[in-house]
Amino acid sequence: MDFYEVIKSRRSCRVFTDQPVEPDKLARVTEAALWAPSGKNRQNYRVFVVAGDKKDELVAIADRSFPSSSPA
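Computed from a predicted structure; not experimentally measured.

**So, the overall build of the chain**
Right, so step 1: Summing up its helical and strand segments, the chain has three helices and zero strands in all.
Right, so step 2: Start at the N end of the chain and walk to the C end: the helices and strands fall as α-α-α.
Right, so step 3: Relative to the globule expectation of 11 Å for 72 residues, the C-alpha radius of gyration of the chain, 15 Å, shows a markedly less compact shape.
Right, so step 4: Expressed as lengths along the three principal axes of its C-alpha atoms, the size of the chain is roughly 40 × 30 × 30 Å.
Right, so step 5: Expressed as a percentage of its 72 residues, the buried residues of the chain come to 1%.
Right, so step 6: Total accessible area computed for the chain in this model is approximately 7500 Å², and 59% of it derives from carbon and sulfur atoms.
Right, so step 7: In the chain, which carries 12 positive and 10 negative side-chain charges, the distance between the mean positions of the two groups comes to 10 Å.

Definitions and limits used
- Residues numbered from 1 in each chain as written.
- Predicted model: local features only at pLDDT ≥ 70, side-chain atom pairs only at ≥ 80, totals over all residues.
- Heavy atoms only, no water.
- Helix = DSSP H or I, 4+ residues; strand = E, 2+ residues; numbered from the N terminus.
- Rg over C-alpha atoms; globule rule 2.2 N^0.38 Å.
- Buried < 20%, exposed > 50% of the residue type's maximum accessible area, 1.4 Å probe, protein only.
- Areas by Shrake-Rupley, 256 points an atom, 1.4 Å probe, with all protein chains shown as cover.
- Lys, Arg positive; Asp, Glu negative; His and termini not counted.
- Charge placed at Lys NZ, Arg CZ, Asp CG, Glu CD.

Below is the structure:
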């Protein structure tokens, strides 16, 4: 697949399942995020992987913090 096919086939997901992500896929996505470019090479981001009860707590906090971003 060439670059333009990748760009044209990209989609945003707004509906998710409760199925957990396989650890190897999670590791690949996390590594890609760490290698992604940052504005002016500031590298001013952090990547956190949260699962289980702590994930549910984080989702609840995000829902209260950003009510307009909750799906309809």
